[in-house]
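Fold and geometry: a report
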Amino acid sequence: MEHQAVVGAVKSLQALGEVIEAELRSTKRWELTAEGEEIAREGSHEARVFRSIPPEGLAQSELMRLPSGKVGFSKAMSNKWIRVDKSAADGPRVFRVVDSMEDEVQRRLQLVQGGQAEKLGEKERSELRKRKLLAEVTLKTYWVSKGSAFSTSISKQETELSPEMISSGSWRDRPFKPYNFLAHGVLPDSGHLHPLLKVRSQFRQIFLEMGFTEMPTDNFIESSFWNFDALFQPQQHPARDQHDTFFLRDPAEALQLPMDYVQRVKRTHSQGGYGSQGYKYTWKLDEARKNLLRTHTTSASARALYRLAQKKPFTPVKYFSIDRVFRNETLDATHLAEFHQIEGVVADHGLTLGHLMGILREFFTKLGITQLRFKPAYNPYTEPSMEVFSYHQGLKKWVEVGNSGVFRPEMLLPMGLPENVSVIAWGLSLERPTMIKYGINNIRDLVGHKVNLQMVYDSPLCRLDAEPRPPPTQEAA
Amino acid sequence: MPTVSVKRDLLFQALGRTYTDEEFDELCFEFGLELDEITSEKEIISKEQGNVKAAGASDVVLYKIDVPANRYDLLCLEGLVRGLQVFKERIKAPVYKRVMPDGKIQKLIITEETAKIRPFAVAAVLRNIKFTKDRYDSFIELQERLHQNICRKRALVAIGTHDLDTLSGPFTYTAKRPSDIKFKPLNKTKEYTACELMNIYKTDNHLKHYLHIIENKPLYPVIYDSNGVVLSMPPIINGDHSRITVNTRNIFIECTGTDFTKAKIVLDIIVTMFSEYCENQFTVEAAEVVFPNGKSYTFPELAYRKEMVRADLINKKVGIRETPENLAKLLTRMYLKSEVIGDGNQIEIEIPPTRADIIHACDIVEDAAIAYGYNNIQMTLPKTYTIANQFPLNKLTELLRYDMAAAGFTEALTFALCSQEDIADKLGLDISATKAVHISNPKTAEFQVARTTLLPGLLKTIAANRKMPLPLKLFEISDIVIKDSNTDVGAKNYRHLCAVYYNKNPGFEIIHGLLDRIMQLLDVPPGEDKGGYVIKASEGPAFFPGRCAEIFARGQSVGKLGVLHPDVITKFELTMPCSSLEINIGPFL
């Protein structure tokens, strides 16, 4: 009977459910190829060449015309059974070197033919296989036995429940084909939200839960004044360098600045005041007018605090923002020219460093980060300043997760905020926690037009306080 | 943040004890430093240039330590050790003294020609100094680190240090035509004019970065001694004649610059750090500088300033309850010698010349907090009671995003910066018609302008995802920027919503249906009455003729929709028909 016909019958019986049990077994064995069978019968090519050479030798040209000539000649040569005399009068002549020889190839093939392939070593078998004399064949067999629903009569199974079956009740006596629960379902047609913006939504949610009001940040273009000068960042500060900041050619300069306030800022930078020594340099209005792409959202915080200072009497506030910032930096796997900054700000009477740390603890707890440590740091516009570190279980070390501090009086007092009001603030990037959360090592795989949409389609919900997935193999620094 | 690399064993020797790497890392963290890397010269060279080049290099262990950008006093081994020893209360902060010489004071006379190029100069003398190879190397490296940081790559201040015994004062700081300056510079064997030098240094990997500071000026700054020997041509190079060596005993230091305050700070830092090795430790010999107006000043300033801060202010700002005596002790550990005076609540703090970073009481508060230990401060929640509000534009954006995804569109996140080509040429527009803001210093074409439309970003996203099954349905809600002379900065963001449909058929009806759905979501009825919406046939270079409509809602034009022009599709390296929609959502607030 045809092998395939039996296999087909077994498979269709299997599809009926538990009628039979069939166990697939496969065995491997060695078989001779057509050429191998010929050699087992007639001897190897080299043996045939050897035998065809008479004691007086044979012209090489004649030998080559024999059916086994070409293959047999070179093998016989390398076995050192024969030699060539090139000085013979009528062209090269082939002679026997030995009187007799053992045809190992034939013997081995006969062993295989006799079902004793296992007597050959791995090396010998593979040599014969390379010469295409031997082939390994896999034979599939089924061990068939009665199944739990064994029956000698079969009826066709229904695949699906139909409205007719429901109304006629015929479903009661029909067998149904079992489902394969190992198969995947069909994904619904749907749109998807971008993973980074899902994380943004969660951060917004956290701030809102903590009672923080969202600041307007819908101005990518900012003057140097609001981006730097208002923050008491001196005009020679390296961040104001062409190498770090995108300046604008058009519109190159801010048209309006709040000149009263500008004068106070100028004085604080160049001469000091409000208890400060100042930086003691010549402050230039032209420098402050230079337009740029904001390098941080702290410029928007400065505007918000300035507006707050104009409202009398002072009322405490909690502010936040999450938006794009721009840096003219060298790009690499973790740095792009634009990224999102998350910022939180609290302004109230008598805020302390302990308050800042307390808020940070609550904020990071909501992100699922509970082990925090604070390191003294330097930021031009906060004093005291602290970098926030958290212990990363995957990387087994402390990693920086944010930066924070108390805004300098030289920034707040020229705005007109009351002297006993402190403003504490912190910031972090949106991309970094997202990369850690989703196990992404290259920022280009997360933002920009080159992202793989499949990644967007497949990204899970953002639940920041839930267990993170296993850490990435490489640090997303 | 500047990084200082010091030999570990030398550091431990100076600290009088050894640490494990972890212990030292912990100490750094507490003090506000960061042990960035543990390496060796050999490792550094092998990393940068391969193992072969590293073969003969030293494998002495180096600590690379990140130092806060305003702590110039920690930029060398000497300063780091002093700072840490005082912090750990193993030594008392030394007192730096300026003394008059026994003989004649060294004089540096500034001529008025310097006014236009580099008007300020300060000077001092380190007498009877004793270098070793390590101390000498540290001295040279400190100058380099100061040059890179506070000196802003020599633009604000440049330092020259000279073997005083090879020179004879008084010195003159002047400015001359480059062709008139001729001397043998450091590491060269013959004399060159300044013009020749500027040419030679164009290929010098180290010096080429400083040439621009004076290159195009008619006069170059130069310092001579009384015999016409060139000490230096700041900020480029010193003369070879007065070069210092390990054996130099008396050093003349000059700092020239455009920022007087910083020049004085730089000089103070160098002399406070290295007067440690003078015969009279921590003593610096004064030098006199005569300004063009005839006034003369003595340097280094080495000024000690007294500040008064109330103990309860420190406690209140940090959130701790320490006695004034304890606070004074904490501050003293931070190199700020302090004592309780007056009513017992006042603390008098002495700011040494090494701590130019202390400019306000808040800097003192921070140091008290650092010495107390940030991680020892009790965390508390402020009682600030506030009601949260969302920024209305962002609130609307968030709501719309979810429903756009529910409508089957996938959110893209594309860059706000792009090339002129993306927003103009590729869309068949002239760049002047876009009213885009232009960046003056982009490193690549990708950052020439801020986008004026979201469409290019979405089309580029599709181009990068052509292998994905069709149709592709994308959207983005984000800001674009347009020049606007009515705002203070001259430009304004607009919140746009853009969607594209990309398939074997243009699918205008799908994009049109999406518009209808968006209007439904925004509660804008169809029709021109009652602030409803209509679309009217229109045209635009980005659209296929006859397949473009302008969207009017709430009485104004809010955007366009249509089938994209085949030229646009081709220019974005796409092959299928595509329809798009872009509206400004501001009017729907």
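Because the structure is a prediction, the values reported are computed rather than measured. (Residues numbered from 1 in each chain as written. Chains lettered and ligands numbered in written order. Predicted model: local features only at pLDDT ≥ 70, side-chain atom pairs only at ≥ 80, totals over all residues. Heavy atoms only, no water.)

Mapped onto the fold, L515 of chain B is located in helix α15 (residues 508-521). Placed 20 residues apart in sequence, L515 of chain B and I535 of chain B show a C-alpha to C-alpha distance of 9.8 Å. (Helix = DSSP H or I, 4+ residues; strand = E, 2+ residues; numbered from the N terminus.)

Residue and element names in this part refer to chain B. Ordered by their spatial adjacency, three strands build an open sheet running β17-β19-β18, and the pairing between neighbours is antiparallel. Edge positions in the open sheet fall to β17 (305-310) and β18 (337-341), since each of these has one partner strand only. Averaged over neighbouring strand pairs, the angle between their axes works out to 25° when direction is ignored. For β18 and strand β19 (residues 346-351), the ladder comprises five bridges, and the chain directions are antiparallel. Residue pairing across strands places S338 opposite I349, the latter belonging to β19. Relative to β17, helix α9 (residues 311-318) is tilted by about 70°, and along the sheet it contacts β17 and β19. (Pairing = 2+ DSSP bridges. Axes fitted to C-alpha atoms, helices over the stretch in contact; angles between N-to-C directions. Contact = heavy atoms within 4.5 Å.)

Moving on, we come to the interface of chain A and chain B. Between chain A and chain B, the residue contacts involve 106 residues of the former and 98 residues of the latter. When the two sides are added together, the surface that chain A and chain B hide from each other amounts to roughly 8,500 Å², 57% of it contributed by carbon and sulfur. Remark: the boundary between chain A and chain B carries nine salt bridges. Measuring nitrogen to oxygen at the nearest pair gives 3.6 Å for the salt bridge that ties E398 of chain B to R200 of chain A. (Buried area = accessible area lost by both parts, 1.4 Å probe. Salt bridge = Lys/Arg side-chain N within 4 Å of Asp/Glu carboxyl O.)

What follows concerns the packing of α9 of chain B against helix α11 (residues 361-372) of chain B. All names here are of chain B. Put simply, α9 and α11 touch, their axes get as near as 10 Å, and they point 70° apart. Here α9 lies roughly perpendicular to α11, going by the angle between them. Taken as a pair, α9 and α11 cross one another with a handedness that is right-handed. Taken together, the residues of α11 that come into contact with α9 (itself represented by L313, I314, K317 and V318) are V365, A368 and A369. Residues that form the contact of α9 with α11 fall into these classes: six nonpolar, no polar and one charged. (Parallel < 35°, antiparallel > 145°, perpendicular 65-115°, else oblique. Left-handed = near helix turned anticlockwise from the far one by under 90°. Nonpolar A, V, L, I, M, F, W, Y, C, P; charged D, E, K, R; others polar.)

With that out of the way, let us pick up helix α9 (residues 195-209) of chain A. Residues and elements named next belong to chain A. Taking 1.5 Å of rise per residue, 15 residues should cover 21 Å, and α9 covers 21 Å from first to last C-alpha, within 8% of that figure. In terms of burial, α9 is largely enclosed, as eleven of its 15 residues are buried. For α9, every residue scored as buried is listed here: P195, L196, L197, K198, V199, R200, S201, F203, R204, I206 and F207. Just past α9, the residue G211 takes up positive phi, approximately 85°. (Expected span 1.5 Å × (residues − 1). Buried < 20%, exposed > 50% of the residue type's maximum accessible area, 1.4 Å probe, protein only.)

Okay, the nonpolar core next. Among the nonpolar cores identified, the biggest contains 142 residues, and F203 and F363 of chain A together with F24, L126, L146 and F274 of chain B are the most heavily contacted of them. By residue number, the principal contributor to this core is helix α8 (residues 260-274) of chain B, which donates nine residues. Aside from chain neighbours lying at most four places away, what touches F24 of chain B is L11, F12, L15, Y19, L35, Y63, I65 and L84 of chain B. If you look at the next biggest cluster of nonpolar residues, it comprises 52 residues, including V265, Y279, Y381 and V423 of chain A. (Core = buried A, V, L, I, M, F, W, Y, C linked by side-chain atoms within 4.5 Å.)

All right, on to α11 of chain B then. All names here are of chain B. For α11, built from twelve residues, the straight-helix expectation of 16 Å at 1.5 Å per residue is met to within 8% by its first-to-last C-alpha distance of 17 Å. Counting buried positions over the twelve residues of α11 gives eleven, a clear majority of the element. Looking one or two places after α11, you find G373, whose phi comes out positive at around 100°.

Residues and elements named next belong to chain B. Considering all chains together, one arrives at 59 salt bridges over all chains under this definition. Ionic pairing is found between E276 and R82, a salt bridge with its closest N-O pair at 2.7 Å. Of this pair, E276 sits in the loop between α8 and β15 (283-290) while R82 sits in helix α5 (residues 77-87), placing them 194 residues apart in sequence. Residue R82 is classed as buried on the basis of its relative accessible area, which comes to 4%. In this structure, the salt-bridge partner of E528 is K536, at a minimum N-O distance of 3.2 Å.

With that settled, the discussion passes to the packing of aromatic side chains. All names here are of chain A. Counting across every chain of the model gives 39 aromatic pairs over all chains. On the basis of an interplanar angle of 20° and a centroid distance of 4.6 Å, the ring pair of Y261 and Y306 is categorised as stacked. Note that Y261 is positioned in helix α11 (residues 259-270) and Y306 in helix α13 (residues 298-310), a separation of 45 residues in sequence. By relative accessible area, which is 0% here, Y261 ends up buried. (Phe/Tyr/Trp six-rings, centres within 6.5 Å; stacked < 30°, edge-to-face > 60°.)

Here the focus is the confidence of the model for chain B. Summary statistics for chain B give a mean pLDDT of 94 and a share of 100% for residues scoring 70 or more. The ipTM for the predicted assembly is 0.91, set against a pTM of 0.82. (pLDDT = per-residue confidence, 0-100.)

Let us look at the domain arrangement of chain A. Domain annotation of chain A identifies domain 1 (30-140) and domain 2 (195-458). For domain 1 of chain A and domain 2 of chain A, the distance between their C-alpha centroids amounts to 83 Å. (Domains from an automatic or database assignment.)

For the rest of this paragraph, the subject is the sheet that holds strand β1 (residues 3-7) of chain B. Within a beta sheet, neighbouring strands are joined by backbone hydrogen bonds and run either parallel or antiparallel to one another. Residues and elements named next belong to chain B. The antiparallel open sheet is built from three strands, whose spatial order is β1-β3-β2. Edge strands, defined here as strands with exactly one partner in the open sheet, are β1 and β2 (34-40). For this sheet, the mean inter-axis angle between neighbouring strands, taken without regard to orientation, is 25°. Summarising the sheet, β1 and strand β3 (residues 61-66) pair through five bridges and their orientation is antiparallel. Across the sheet, residue V6 finds its bridge partner in β3, namely Y63.

Residues and elements named next belong to chain B. Assignment of secondary structure puts K337 in strand β18. A relative accessible area of 51% means that K337 is categorised as exposed. Through-space distance from the C-alpha of K337 to that of F12 is 25 Å; in sequence the pair is 325 residues apart. Not counting residues up to four positions away in its chain, the partners in contact with K337 are T332, E348, I349 and E350.

What follows deals with the environment of L211 of chain B. Here L211 of chain B shows up in the loop between α7 (194-200) and β11 (220-224). Each C-alpha atom of the pair L211 of chain B and P235 of chain B lies 8.3 Å from the other, and the pair is 24 residues apart in sequence.

Take unusual backbone geometry next. Between E383 of chain A and the following residue, P384 of chain A, the backbone shows a cis peptide bond with an omega angle of -5°. Along the chain, P384 of chain A turns up in strand β13 (residues 382-392). Each neighbour pair has its own omega, and for P234 of chain B with P235 of chain B the value is 0°, a cis peptide bond. Phi is positive for Y335 of chain B, which is not a glycine, with a value near 75°. You can see Y335 of chain B is positioned in the loop between α10 (324-333) and β18.

So, about the side chain of D357 of chain B. Residues and elements named next belong to chain B. Secondary-structure assignment places D357 in the loop between β19 and α11. Overall, D357 belongs to the buried group, its relative accessible area being 12%. Only 2.8 Å separates the side chain of D357 from the side chain of R355, close enough to count as a polar contact. (Polar contact = N/O pair within 3.5 Å; in protein donor to acceptor, adjacent residues only side chain to side chain.)

This part covers a nonpolar patch on the surface. All names here are of chain A. There is a patch of nonpolar side chains on the surface, built from L161, I166 and W171 and spanning about 320 Å² of accessible area. Take L161: it is sitting in the loop between β5 (134-146) and α8 (163-168). The exposed category is assigned to L161, whose relative accessible area is 53%. (Patch = residues over 30% accessible without salt bridge, like charges linked within 9 Å, V, L, I, M, F, W, Y side chains within 5 Å. Areas by Shrake-Rupley, 256 points an atom, 1.4 Å probe, with all protein chains shown as cover.)

All names here are of chain B. This model, assessed by the stated rule, comprises zero disulfides over all chains. The thiol of C76 is unpaired, and the distance to the nearest cysteine sulfur, on C278, comes to 14 Å. Cysteine C498 remains unbridged, with the sulfur of C578 as its closest cysteine sulfur at 9.1 Å. Owing to a relative accessible area of 1%, C498 belongs among the buried residues under this scheme. (Disulfide = S-S within 2.5 Å.)

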